[in-house]
Amino acid sequence: MRQRLSDRLDENPGVPERALLEHLLETRQQDAVNEGKPDVARTPLPLESMPPQLVEQLQMLRSQSRISSLLENQMLMTAFQPIYGLAAQSVVGVEALSRFVSDDGAGAELWFAEAASVGLGANLEFSALGSAAAAAASLPPHLYVAMNISPTSCIDPRLPELFDHIELPIGRIVLELTEGIPDEEYLQFISAISPLRERGLRIAIDDSHSGAGALSRMLHLRPDFIKLGRNVISGVDTDTSQHALAVCMVDFADQIGAVLVAEGVETPDELRVLTELGISAGQGYLLGRPSVRPQDWAAWNTPLDPDGLGRYAIAADQVASDSGASDKH
């Protein structure tokens, strides 16, 4: 028994808890064999037959192993989606979106949620930031790069070190908060992010977040970018209430000096009205889909004339209608 436990420790260097758990499972199976149940030895022990605490530990260790393997093997890549300056009719920035190479085809949100549940959320987010920064070397140099990050990871002391080790200038980076800032972390967040903003880092928040999206929080935080989701821009061309809300957000952003970005632009009429209202930038399948191909990124260096953008928008709208594209970008 001691030898088997020693073998498990050798197979799991640095993770004695996993070695012990596997040893316990093996021991339970061996006990079953000794009781005259040989079939159990050849069949994985079902989770329902285990104590709840053991099941929870096993699932956590499996998740830790999956995330650790993903990080060690660098099984993620970066797709960029263009962000258009609506007045200039040209690409002004991109949003970096993680794409994971995995057998189960799980989406990025599931990977990040699983990593956060086992205490590896910041590790995975920092890996994604590093991947995006490396890929950005192939982008036109005038574009800013918006990278998604949770507020909790912003207060991680490793974040400033990350910016010291990537080649992308900090002045081209926009950290886009993926969720609201918890009240208990707000002061820590301000303390951690302020020195980076002084170095040129910019931040973006989503209007839909109940914490970071609250107007009072925006007034204090004064983000560089405010991103408007479908809850604001849907029907802006037909609904008077939505139109009025968009007008208010344009005025509010102007008062605090923030750039307003409309996400999920889906129709040429929405694009036209958003441009007329003075919204600074737009993003969505209508204007450009996420791409992992550098040849697509290179094309964003060439400004499009208004007529050309209009024709492109109509064509993209037709493609989206034919393919039944999702509203969630």
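Only a predicted model underlies this, so the values are computations on that prediction, with no experimental measurement involved.

## Some words on the nonpolar core
So, step 1. Of all hydrophobic cores here, the largest spans 62 residues; its most connected members are Phe80, Val145, Met147, Leu159, Phe163, Leu175 and Ile226.
So, step 2. Setting aside chain neighbours within four positions, we find Leu175 in contact with Leu129, Met147, Ile149, Cys154, Leu159, Phe163, Ile193, Leu201, Arg202, Ile203 and Ala204.
So, step 3. In terms of nonpolar packing, the next biggest core, distinct from the first, is built from 10 residues, Phe100, Ala115, Leu120 and Ala128 among them.

## Let's talk about the packing of helix H5 (residues 108-117) against helix H6 (residues 121-135)
So, step 1. Between H5 and H6, the least distance of the axes is 7 Å, while the angle of their chain directions is 140 degrees. Overall, the two elements H5 and H6 adopt an arrangement that is oblique. Seen from H5, the contacting residues are Trp111, Phe112, Ala115 and Ala116; seen from H6, they are Gly121, Leu124, Glu125 and Ala128.
So, step 2. Of the residues that constitute the contact of H5 with H6, the class distribution is 6 nonpolar, 1 polar and 1 charged.

## Some points on the side chain of Glu270
So, step 1. Within the secondary structure, Glu270 is located in helix H13 (residues 268-277).
So, step 2. Overall, Glu270 belongs to the buried group, its relative accessible area being 4%.

## Points about the sheet that holds strand S4 (residues 173-177)
The strands that make up a sheet are held in pairs by hydrogen bonds between backbone atoms, and each pair lies either parallel or antiparallel.
So, step 1. Spatially, 8 strands are ordered S1-S2-S3-S4-S5-S6-S7-S8 in a closed barrel, and the strand pairing comes out mixed.
So, step 2. As paired strands, strand S6 (residues 225-228) and strand S7 (residues 259-262) are joined by 4 bridges and run parallel to one another. When the sheet's bridge partners are listed, Lys227 is paired in S7 with Val261.

## Focus on the packing of aromatic side chains
So, step 1. Throughout the structure, instances matching the rule amount to 3 aromatic pairs.
So, step 2. With centroids separated by 5.5 Å and ring planes inclined at 80 degrees, the aromatic side chains of Phe100 and Phe112 adopt a geometry described as edge-to-face. Separated by 12 residues along the polypeptide, Phe100 in strand S2 (residues 90-100) and Phe112 in helix H5 bring together distant segments of the chain.
So, step 3. When the ring of Tyr144 is compared with that of Phe225, the centres are 4.9 Å apart and the planes differ by 45 degrees; the resulting orientation is tilted. Placement of Tyr144 in strand S3 (residues 144-149) and of Phe225 in strand S6 is noted, with a sequence separation of 81 residues between them. As far as burial versus exposure is concerned, Tyr144 and Phe225 are alike and both buried.
So, step 4. The residue whose ring lies beneath Arg289 is Tyr285, and the NZ or CZ to ring-centre distance is 4.3 Å.

## With respect to the pairing of S2
Two faces, one strand: in a regular strand the side chains alternate between the faces of the sheet.
So, step 1. Where burial is concerned, most of S2 is hidden: 9 out of the 11 residues are buried.
So, step 2. Between the end of strand S1 (residues 76-85) and the start of S2, which pair antiparallel, lie 4 residues, with Gln89 showing a positive phi angle near 55 degrees.
So, step 3. Inspection of the sheet shows S2 paired to S3 by 4 bridges, in the parallel sense. By the bridge assignment, Glu95 is partnered in S3 with Ala146.

## Brief notes about H5
So, step 1. Of all the positions in H5, only Ala108, Trp111, Glu114 and Ala115 are classed as buried. Angular distribution of buried residues about the axis of H5 spans 135 degrees; they occupy a single face of the element. In H5, the exposed positions angled more than 90 degrees off the buried face are occupied by Glu109, Leu110 and Ala116.
So, step 2. Looking one or two residues past H5, Gly119 carries a phi angle of roughly 80 degrees, positive in sign.

## What about the packing of H6 against helix H8 (residues 158-165)?
So, step 1. Relative to each other, H6 and H8 sit at 20 degrees, their axes nearing to 11 Å. One way to sum up the angle between H6 and H8 is to call them roughly parallel. Both H6 and H8 take part in a crossing whose hand is right-handed. Residues Ala122, Asn123, Phe126 and Leu129 of H6 pack against Arg158, Leu159 and Leu162 of H8.

## Some remarks on a nonpolar patch on the surface
So, step 1. Together, Met77, Val101 and Val292 make up a nonpolar patch on the protein surface, roughly 230 Å² of accessible area in all.
So, step 2. For Val292, the location among the structural elements is in the loop between strand S8 (281-282) and helix H14 (294-299).

## Digging into the confidence of the model for the protein
So, step 1. In the predicted model, the protein carries a mean pLDDT of 80, and 72% of its residues have values of at least 70.
So, step 2. Confidence drops under pLDDT 50 across residues 38-43; counting only partners more than four residues distant or on other chains, this segment forms 6 contacts.
So, step 3. Per-residue pLDDT stays below 50 along residues 323-329; that stretch engages in 12 contacts with residues further than four places along the chain or on separate chains.

## So, unusual backbone geometry
So, step 1. The phi dihedral of Gln89 falls on the positive side, at around 55 degrees, and the residue is not glycine.
So, step 2. Looking at where Gln89 falls in the secondary structure, it is placed in the loop between S1 and S2.
So, step 3. Overall, Gln89 belongs to the buried group, its relative accessible area being 16%.
So, step 4. A positive phi angle is found at Arg222, which is not glycine, with a value near 50 degrees.
So, step 5. Position of Arg222 among the secondary structure elements: in the loop between helix H10 (215-221) and S6.

Analysis parameters
- Residues numbered from 1 in each chain as written.
- Predicted model: local features only at pLDDT ≥ 70, side-chain atom pairs only at ≥ 80, totals over all residues.
- Heavy atoms only, no water.
- Core = buried A, V, L, I, M, F, W, Y, C linked by side-chain atoms within 4.5 Å.
- Buried < 20%, exposed > 50% of the residue type's maximum accessible area, 1.4 Å probe, protein only.
- Contact = heavy atoms within 4.5 Å.
- Axes fitted to C-alpha atoms, helices over the stretch in contact; angles between N-to-C directions.
- Helix = DSSP H or I, 4+ residues; strand = E, 2+ residues; numbered from the N terminus.
- Parallel < 35°, antiparallel > 145°, perpendicular 65-115°, else oblique.
- Nonpolar A, V, L, I, M, F, W, Y, C, P; charged D, E, K, R; others polar.
- Pairing = 2+ DSSP bridges.
- Phe/Tyr/Trp six-rings, centres within 6.5 Å; stacked < 30°, edge-to-face > 60°.
- Lys NZ or Arg CZ within 6 Å of the ring centre and 35° of its normal.
- Arc of directions from axis to C-beta.
- Left-handed = near helix turned anticlockwise from the far one by under 90°.
- Patch = residues over 30% accessible without salt bridge, like charges linked within 9 Å, V, L, I, M, F, W, Y side chains within 5 Å.
- Areas by Shrake-Rupley, 256 points an atom, 1.4 Å probe, with all protein chains shown as cover.
- Salt bridge = Lys/Arg side-chain N within 4 Å of Asp/Glu carboxyl O.
- pLDDT = per-residue confidence, 0-100.

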